Amino acid sequence: MMKIFKSILLLVVLATVSSCDVDDDNTNFHYETLEISVATLPETFEYGEVYTIEFKYLKPTACHYYEGFDFQKTEKTEREIYAIGAVLEQEDCPTLTENNVGTASFDFEVRYHDTYTFKFYQGDNEAGEKQYLTIEVPVVVDSTRTTTIKKAETIKTSQYY
């Protein structure tokens, strides 16, 4: 009796598992870069600190939803920032003229002493070339930190003499 029950249970499990279709090609959304209209950065960065960088992006239709951001490091201290949106594939997506601006942010750690250049993607021009809102932020060194570090190094080296 137990063998029959186990056999039936195994058949039910196999039938259930084999009936699942994991190759669903009916994707109902795709990803798109959204235009960034405004970015808020400090006038200067302090080396070693972490800053929250805020930006505003545009949602062209009611079917666009913000999903996050992406960036590319193009040089040592140059970053291209992109807002990423999911777009529902529907026929009735009204164009938004009001409430079409969203706000997002990310944390950025200053790891170099050189001036940082941020390029926020603003869409493509008529020739298909990417356009950016470019903001440069110089890095300053906190004089109290430098003094403290120098004092610690002096004490450390004097112990060895």
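The structure under discussion appears in the preceding block.
Predicted model only: the values in this text are computed from it and were never measured. (Residues numbered from 1 in each chain as written. Predicted model: local features only at pLDDT ≥ 70, side-chain atom pairs only at ≥ 80, totals over all residues. Heavy atoms only, no water.)

J.: Would you explain the overall build of the chain in this entry?
T.: Broken down by element type, the chain carries two helices and 10 strands. In sequence order, the secondary structure elements of the chain are arranged as α-β-β-β-β-β-β-β-β-β-β-α. Across the 161 residues of the chain, 23% fall into the buried class. Restricting the contact set of the chain to residue pairs at least 6 apart, pairs at least 24 apart contribute 64%. As presented, the chain carries roughly 11800 Å² of accessible surface, and 53% of it is formed by carbon and sulfur atoms. (Helix = DSSP H or I, 4+ residues; strand = E, 2+ residues; numbered from the N terminus. Buried < 20%, exposed > 50% of the residue type's maximum accessible area, 1.4 Å probe, protein only. Contact = heavy atoms within 4.5 Å. Areas by Shrake-Rupley, 256 points an atom, 1.4 Å probe, with all protein chains shown as cover.)

J.: When you look at the sheet that holds strand β4 (residues 50-58) in this model, what are you seeing that I'm missing?
T.: Whenever strands of a sheet pair, they do so through backbone hydrogen bonds, lying parallel or antiparallel. Strand order in this open sheet of three strands is β2-β4-β7, and the pairing throughout is antiparallel. Two strands in the sheet have a free side with no partner beyond their single neighbour: β2 (36-40) and β7 (101-109). Each strand axis lies, on average, 25° off the axis of its neighbour in the sheet, ignoring direction. With nine bridges joining them, β4 and β7 adopt antiparallel strand pairing. Counted as the bridge partner of Y57 is G102 from β7. (Pairing = 2+ DSSP bridges. Axes fitted to C-alpha atoms, helices over the stretch in contact; angles between N-to-C directions.)

J.: Just checking my understanding: could you explain unusual backbone geometry for this structure?
T.: Residues other than glycine predominantly adopt negative phi, and peptide bonds predominantly adopt the trans conformation. Phi is positive for N99, close to 55°, though the residue is something other than glycine. By the element assignment, N99 lies in the loop between β6 (78-88) and β7.

J.: Is there a simple way to think about the nonpolar core in this case?
T.: Where a protein is soluble and globular, its nonpolar side chains tend to be buried together. Membership of the largest hydrophobic core comes to 20 residues, with the highest contact counts inside it found for L41, F45, I53, F55, F108, F118 and F120. Breaking this core down by element, the ones donating at least two residues are β2, β4, β6, β7 and β8 (116-124). If sequence neighbours within four positions are ignored, F118 has contacts with L41, F45, I53, R79, I81, F108, L133, T134, I135 and V137. (Core = buried A, V, L, I, M, F, W, Y, C linked by side-chain atoms within 4.5 Å.)

J.: Would you mind showing me how to read the state of the cysteines here?
T.: One way to say it: the disulfide is the covalent bond shared by the sulfur atoms of two cysteines. Within the structure shown, the criterion is met by one disulfide. Note on cysteine connectivity: C63 is disulfide-linked to C93, with sulfurs 1.8 Å apart. Taking the torsion about the sulfur-sulfur bond, which here is approximately -85°, the covalent link between C63 and C93 counts as left-handed. With C63 in the loop between β4 and β5 (64-75) and C93 in the loop between β6 and β7, this residue pair connects regions lying 30 residues apart in the sequence. Residue C93 is classed as partly exposed on the basis of its relative accessible area, which comes to 21%. (Disulfide = S-S within 2.5 Å.)

J.: Sorry if this is basic, but what is going on with the pattern of salt bridges here?
T.: It is possible for side chains of opposite charge to pair when their charged atoms get near one another. If you walk through the whole model with that rule in mind, you get three salt bridges. With a shortest N-O distance of 3.0 Å, K76 and D114 are connected by a salt bridge. One end of the pair, K76, is in the loop between β5 and β6; the other, D114, is in the loop between β7 and β8, with 38 residues separating them in the sequence. On the accessibility criterion, D114 (37% relative accessible area) is partly exposed. For the salt bridge of R111 with E109, the shortest nitrogen-to-oxygen distance reads 3.5 Å. (Salt bridge = Lys/Arg side-chain N within 4 Å of Asp/Glu carboxyl O.)

J.: It is not clear to me how the pairing of strand β9 (residues 130-137) should be interpreted in this structure. Could you clarify?
T.: Bridge count between β8 and β9: seven bridges; the pairing is antiparallel. Its bridge partner being in β9, F118 is matched across the sheet by I135. Hairpin connection of β8 to β9: five residues between the antiparallel strands, including G128 at a positive phi of 85°.

J.: Got a minute to help me understand the packing of aromatic side chains in this structure?
T.: Each aromatic ring pair is characterised by the separation of its centres together with the angle its planes make. On inspection of all chains with the given rule, the structure shows 18 aromatic pairs. Where F55 meets F120, the ring centres are 6.4 Å apart and the plane angle is 40°; that geometry is what we call tilted. Taken together, the positions of F55 in strand β4 and F120 in strand β8 put the pair 65 residues apart, joining distant regions of the chain. Summarising the burial analysis for this pair, F55 and F120 share the class buried. These aromatic residues form a ring-pair network of at least three members: F45, Y51, F55, Y57, Y66, F69, F106, F108, Y112, Y116, F118 and F120. In this structure, K119 packs its charged tip against the face of Y132, placed 5.9 Å from the ring centre. (Phe/Tyr/Trp six-rings, centres within 6.5 Å; stacked < 30°, edge-to-face > 60°. Lys NZ or Arg CZ within 6 Å of the ring centre and 35° of its normal.)

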